[in-house]
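Each chain, written out:
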Amino acid sequence: MATLYCGFGATPKATRLADIARSIELPKSPGYIWIAGEAQAVSEAREHFRDQPEFDKDRTTAIGHWFLGKPRG
């Protein structure tokens, strides 16, 4: 039986952001990617898009707002 995860903290990772980024097929026309969320997940998603040769790296903004398990300071 498959495991169903619901709510924050219920998944093995903080978020599925990087998995979702890897599943996106980029359009052929120019666009812009804006990513925000948990810092490690944002970094993984940004790396995925940066490695796509057909996408201009200057058309991406990635901002990590917090670190999983660390208090805001």
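Structure first, text after, so check above.
Described below are features of the structure shown in this document. (Residues numbered from 1 in each chain as written. Predicted model: local features only at pLDDT ≥ 70, side-chain atom pairs only at ≥ 80, totals over all residues. Heavy atoms only, no water.)

1. Here we look at the overall build of the chain
Along its length, the chain carries two helices and two strands. In the chain, which comprises 73 residues, the proportion classed as buried is 23%. When contacts within the chain are restricted to residue pairs at least 6 apart in sequence, long-range pairs at least 24 apart make up 64% of them. Surface summary for the chain: the accessible area is close to 5,800 Å², and the carbon and sulfur share equals 55%. (Helix = DSSP H or I, 4+ residues; strand = E, 2+ residues; numbered from the N terminus. Buried < 20%, exposed > 50% of the residue type's maximum accessible area, 1.4 Å probe, protein only. Contact = heavy atoms within 4.5 Å. Areas by Shrake-Rupley, 256 points an atom, 1.4 Å probe, with all protein chains shown as cover.)

2. Some thoughts on the environment of I63
For I63, the position within the fold is in strand β2 (residues 60-66). Along the backbone, I63 and G37 are 26 residues apart, and their C-alpha atoms lie at a distance of 6.9 Å. Other than its neighbours up to four places away in sequence, I63 contacts W34, I35, A36, G37 and V42.

So yeah, pure geometry; function would need other evidence.
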